[in-house]
Amino acid sequence: MHVVDLRSDTVTLPSDEMREAIARAELGDDVFGEDPTVNRLEQMAAERVGKEAGLLVVSGTMGNLASILTHCRRGEEVILGDQSHTFIYEAGGISALGGIHPHTVPNQTDGTLRPEDIEAAIRPDNVHFPRTRLICLENTHNRCCGASLRPEYMAAVEQLARRHGLAIHLDGARVFNAAAALGVDVKELAQHADSLTFCLSKGLAAPVGSVICGSKAFIAEARRTRKVLGGGMRQAGILAAAGIVALDKMIDRIQEDHDNAMRLARGIERIDGLSIDLARVYTNIVYFDVACEGLNAEELARRLSGRGVRMLSVGPMRIRAVTHYGITAEDIDFALHALEEAMR
Ligand SMILES: *Cc1c(COP(=O)(O)O)cnc(C)c1O
């Protein structure tokens, strides 16, 4: 059966070119710094985002964790959004492994944190309080419908951070989606953060991996932190080879995913019993609601699955669909047809 899997952009399979690159990759022991393919990927990634150095990690979660552990000591505080991936979906790793105190401020619907809320969350120098060290932003914002943070907003948060002597980490799991949606070079977003993590394994379709980018000194420290976390990989060029193809070939096609997301959203808007806000379809993530009697999100997802379309039920009435490499406009039409049938 033809299956259109829209649960996440993490379900992408490597392209033929990636598989060939994996087979041919020149390898060495990366813990000795001797894997030429890893070294090349890290350098390419850093250049692409306009930072001095890069570090390959297993996942976006490890990238955020290693970065935050590198910025903060035990008992120090990080300011982050109450809807952020790091706060909600990373198993409390910064507290569990780093003794780092998360201070949440509300995410606005567009993924931003209000500068006045950030400012109010910064601790004065007082023996009662943890020391504030870091601000984390997320771009695009996963739970805020894949919204992009604009360079001007990031610049404003950077100025605020500098005024208070704080660092900024950007969870840029989908930062290339943000750059495509805003029509800016990714460097314009990255320049406002001291460190950023982006995923090779989401919209860029590599099988495994994320890259942390930052200054040479920061990445040298993060390399130690990665080792502590058990993330020192050996012939990791096997993974990096696919990452190089991802950086070369997958960034320029991201707009196609955004077009498909909008095509899906427009189709959903026309289906009775479903409710969607088109103004909140920003990039490749589409959230919509079941809005009819006697049906909920889980049941609709089950009906879709029986028709070869997979979407994620993320709330009693809420469904998420994510477009990605391998999904065509025809697949979107197939999914819309399945949705129409499932709603009958
Ligand atoms: C997916 C995601 C991550 C984590 O990436 P994994 O590779 O799944 O660990 C981090 N932040 C955001 C915003 C994400 O969407």
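Look up a bit, the structure's there.
About the cut-offs
- Residues numbered from 1 in each chain as written.
- Predicted model: local features only at pLDDT ≥ 70, side-chain atom pairs only at ≥ 80, totals over all residues.
- Heavy atoms only, no water.
- Near = heavy atom within 4 Å.
- Polar contact = N/O pair within 3.5 Å; in protein donor to acceptor, adjacent residues only side chain to side chain.
- Areas by Shrake-Rupley, 256 points an atom, 1.4 Å probe, with all protein chains shown as cover.
- Helix = DSSP H or I, 4+ residues; strand = E, 2+ residues; numbered from the N terminus.
- Buried < 20%, exposed > 50% of the residue type's maximum accessible area, 1.4 Å probe, protein only.
- Pairing = 2+ DSSP bridges.
- Axes fitted to C-alpha atoms, helices over the stretch in contact; angles between N-to-C directions.
- Contact = heavy atoms within 4.5 Å.
- Expected span 1.5 Å × (residues − 1).
- Salt bridge = Lys/Arg side-chain N within 4 Å of Asp/Glu carboxyl O.

## Comments concerning the site of the ligand
Around the ligand, a shell composed of 13 residues is seen, among which Gly60, Thr61, Asp171, Arg174 and Lys202 lie nearest. Contact between the ligand and Thr61: an oxygen atom at 2.6 Å from a side-chain N or O atom of the residue. In the environment of the ligand, a nitrogen atom lies 3.4 Å from a nitrogen or oxygen atom belonging to the side chain of His85. The fraction of the free accessible surface of the ligand (380 Å²) that becomes covered by protein chains is 85%. It is helix 3 (residues 60-71) that contributes the most residues to the shell around the ligand, three residues altogether.

## Some details on unusual backbone geometry
That bond from Asn139 to Thr140 is cis: its omega, -5°, falls within 30 degrees of zero. Tracing the backbone through its elements, the reader meets Thr140 in the loop between strand 5 (132-138) and helix 7 (151-163). At Ala91, a residue that is not glycine, the phi angle is positive and equals roughly 60°. Note on placement: Ala91 falls in the loop between helix 4 (85-89) and helix 5 (93-98). Overall, the relative accessible area of 77% leaves Ala91 in the exposed class. Phi angles above zero are rare outside glycine, and Cys145 is one such case at about 65°. You can see Cys145 is positioned in the loop between strand 5 and helix 7. Residue Cys145 is classed as buried on the basis of its relative accessible area, which comes to 3%.

## Brief notes about the sheet that holds strand 5
Sheet strands associate in pairs through backbone hydrogen bonding, adopting either a parallel or an antiparallel arrangement. Within the open sheet, the seven strands sit side by side as 2-8-7-6-5-3-4. Their pairing is mixed. Since the sheet does not close on itself, it has two edges, and those belong to strand 2 (53-57) and strand 4 (101-105), each with one partner. Each adjacent strand pair in this sheet contributes to an overall mean axis angle of 20°, direction not counted. Pairing analysis gives five bridges linking strand 5 to strand 6 (residues 167-171), with the strands arranged parallel. Looking across to strand 6, one finds that Cys136 is bridged to His169. Together, strand 2, strand 7 (195-199) and strand 8 (210-214) form the strand contacts of helix 10 (residues 216-228), whose direction differs from that of strand 2 by roughly 20°.

## A few points about helix 7
Each α-helix winds once per 3.6 residues, and so residues spaced three or four apart point in a common direction. For helix 7, built from 13 residues, the straight-helix expectation of 18 Å at 1.5 Å per residue is met to within 8% by its first-to-last C-alpha distance of 18 Å. Packing partners of the buried residues in helix 7 comprise helix 6 (115-121), strand 5, strand 6, helix 8 (175-182) and helix 9 (186-190). Positive phi shows up at Gly165, right after helix 7, with a value of about 70°.

## Here's the deal with the pattern of salt bridges
This model, assessed by the stated rule, comprises 21 salt bridges. The closest approach of N and O atoms between Asp5 and Arg7, which form a salt bridge, is 2.6 Å. What makes Arg7 partly exposed here is its relative accessible area of 25%. Here Arg307 makes a salt bridge to Glu341, at a shortest N to O gap of 3.3 Å. Linking Arg307 in the loop between helix 13 (297-306) and strand 11 (309-310) with Glu341 in helix 14 (residues 329-343), this pair joins segments that are 34 residues apart in sequence. Since its relative accessible area comes to 33%, Arg307 is described here as partly exposed. On the basis of relative accessible area, Glu341 is assigned to the partly exposed category, the value being 31%. One connected set of salt bridges, linked through shared partners, spans Arg114, Glu116 and Asp117.

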